Amino acid sequence: FLNLKPYSTFEEWNPRKEIADAARRLYRHPDNLELYVGLQAEDSKKVAPGAGLCPGYTMSRAILADAVALVRGDRFLTNDFTAYNLTAWGIQDCTRDPKNSANGGVLGKLLGRCLPNHFPVDSSYTNFPFVVPTEMKKFLTDVEKADGYTFTRPEPKKPVAPFKSYSEVTSALAGNALASTVPHNASIVLFGDGYLKTYNNAAANLKDRNLIRNAFLPNDVVKKKHISFLERTTALLLQEKSFSLVGDKKMSVNIVRDVINILPVYFISEYVLGLNLKTPYNPHGDALDQEVYLKFKEIYEFLFIDIAEPSTKVAKGPIVLDFAQSFQDYVQ
């Protein structure tokens, strides 16, 4: 029924001598084995990292065949699993991501989204819910990834307190409480000290911010210089990025993507990083403006937007760390 080779000896069915001998005395030939006994006492898969469930081989084949039949017989996973029905975003969201924090697992994504107060994004309980945490820690240590996860049993966070008035909202946005995870995120991907690591300490954070402000704007002369640079760069970007359709003299521009998002990149590259951007006027630069923008975007989302996608938080850590390191190298 399962297209498996019949066992010719009891040792082939289970190589353990005491089990094979007992079965031989009772049943004389493997063909006489009862279903329940044959399934339960059959030699099982060897336990190894990533092996998953380790039942006997016949039971494994039956479970796999049943799972495949369920998938192939479910219209939501076959005929109806199209971008027309789910949209392009839906297809992408449902597709397995082998680079996520659970090494391709999807249950952690559901737990992180539906029960965020009970399952932290970096917890072994969230990303590997069917594996004993102590064993998962050993495996992740062997592959040098254990530092990105926590292995203690998660405790529920405090209930969410709703804001019911405009004053409560403005008061909350003016403070740092909403960014309570920023210092922790910064410690993962940024080096040294700075205002991001003191985000929840109002006095220390204000001191760090003033230090940055005074470095950028020590006087009105420097302020006018920065304003002039931003005005010139804005005009240049509008000129470079504008386009017209065939037969249409009207000029168009994607103002957000090609101007607003990119303008800070030029400013930071010029006055902070010393990064030589590649432009039509400087074709031998080190990096394209959009390339640098996307790196800044990844760093910003990792630091501040903690709910962007819980299932990728741990996996993005090394990538963002590499981006931050590359920018630090330019400064040094």
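The rules behind the values
Residues numbered from 1 in each chain as written. Predicted model: local features only at pLDDT ≥ 70, side-chain atom pairs only at ≥ 80, totals over all residues. Heavy atoms only, no water. Helix = DSSP H or I, 4+ residues; strand = E, 2+ residues; numbered from the N terminus. Rg over C-alpha atoms; globule rule 2.2 N^0.38 Å. Buried < 20%, exposed > 50% of the residue type's maximum accessible area, 1.4 Å probe, protein only. Contact = heavy atoms within 4.5 Å. Areas by Shrake-Rupley, 256 points an atom, 1.4 Å probe, with all protein chains shown as cover. Lys, Arg positive; Asp, Glu negative; His and termini not counted. Charge placed at Lys NZ, Arg CZ, Asp CG, Glu CD. Axes fitted to C-alpha atoms, helices over the stretch in contact; angles between N-to-C directions. Parallel < 35°, antiparallel > 145°, perpendicular 65-115°, else oblique. Left-handed = near helix turned anticlockwise from the far one by under 90°. Nonpolar A, V, L, I, M, F, W, Y, C, P; charged D, E, K, R; others polar. 1 Å grid on protein atoms, 1.4 Å probe; cavity = no way out; pocket = protein on both sides within 12 Å on 5 of 7 lines; lining within 4 Å. Points joined across faces, edges and corners; volume = space filled by probe spheres on them. Salt bridge = Lys/Arg side-chain N within 4 Å of Asp/Glu carboxyl O. Phe/Tyr/Trp six-rings, centres within 6.5 Å; stacked < 30°, edge-to-face > 60°.

Draft legend 1. How the structure looks around the overall build of the protein chain. The helix and strand tally for the protein chain stands at 16 helices and two strands. For a compact globule of 332 residues, the expected C-alpha radius of gyration is about 20 Å, and the protein chain comes in at 29 Å, more than 25% above that figure. When the backbone C-alpha atoms are referred to their principal axes, the protein chain occupies close to 100 × 60 × 45 Å. A burial count over the protein chain gives 25% of its 332 residues as buried. Of the contacts made within the protein chain by residues no fewer than 6 positions apart, 45% connect residues no fewer than 24 positions apart. Surface exposure of the protein chain reaches about 23,100 Å², of which carbon and sulfur atoms provide 60%. In the protein chain, which carries 39 positive and 37 negative side-chain charges, the distance between the mean positions of the two groups comes to 2 Å.

Draft legend 2. Summary view of the packing of helix α15 (residues 289-304) against helix α16 (residues 313-331). Viewed as axis vectors pointing N to C, α15 and α16 meet at an angle of 130 degrees, and their least axial separation amounts to 9 Å. Regarding the angle of α15 to α16, the classification is oblique. α16 is crossed by α15, and the crossing has left-handed handedness. Listed contacts from α16 to V292, K295, F296, E298, I299, E301 and F302 of α15 are K313, K316, G317, V320, F323, A324, S326 and F327. Its residues placed into classes, the contact of α15 with α16 shows eight nonpolar, two polar and five charged.

Draft legend 3. The arrangement of the layout of surface pockets in detail. Looking at the second largest pocket, its volume works out to about 1,200 Å³. Taken together, 33 residues form the lining of the second largest pocket, with L190, Y195, L196, V272 and F296 sitting closest to its centre. Contributing elements (two or more residues each) for the lining of the second largest pocket: α11 (202-216), α14 (263-273), α15 and α16. The leading source of residues in the lining of the second largest pocket is α15, at seven residues. Across the lining of the second largest pocket, the residue classes tally to 23 nonpolar, four polar and six charged.

Draft legend 4. Looking closely at the packing of helix α10 (residues 182-189) against α16. One way to put it is that α10 packs onto α16 with a least axis distance of 8 Å and a crossing angle of 60 degrees. One element, α10, and the other, α16, form an angle in the oblique class. Contacts between α10 and α16 pair N185, I188 and V189 from the former with K313, G317, V320, L321 and A324 from the latter.

Draft legend 5. Main features of unusual backbone geometry. One non-glycine residue, N103, adopts positive backbone phi at about 55 degrees. If you trace the backbone, N103 turns up in the loop between α5 (83-94) and α6 (107-114). N103 gets classed as partly exposed once you look at its relative accessible area, which sits at 34%. One non-glycine residue, E144, lies in the positive phi region at around 60 degrees. With respect to the secondary-structure elements, E144 resides in the loop between α8 (133-142) and α9 (166-174). Here E144 falls in the exposed class, since its relative accessible area comes to 75%.

Draft legend 6. Spotlight on the pattern of salt bridges. Inspection of the entire model under this criterion finds 13 salt bridges. For E18, the salt bridge identified is with R16, shortest N-O distance 3.0 Å. Of the residues examined, E18 reaches a relative accessible area of 48% and is grouped as partly exposed. Overlapping salt bridges bring together E11, K17, D21 and R24 as one network.

Draft legend 7. Looking closely at the packing of aromatic side chains. This structure, assessed with the given rule, holds eight aromatic pairs. Judged by centre distance (6.4 Å) and plane angle (80 degrees), the ring pair of F10 and W13 falls under edge-to-face. With F10 and W13 both in helix α1 (residues 10-13) and three residues apart, the pair spans about one turn of that helix. W13 carries the same exposure label as F10, and that label is buried.

Draft legend 8. Molecular detail of the environment of F327. Structurally, the position occupied by F327 is in helix α16. The spatial distance from the C-alpha of F327 to the C-alpha of G274 is 9.5 Å, given a sequence separation of 53 residues. If sequence neighbours within four positions are ignored, F327 has contacts with L273, V292, K295, F296 and I299.

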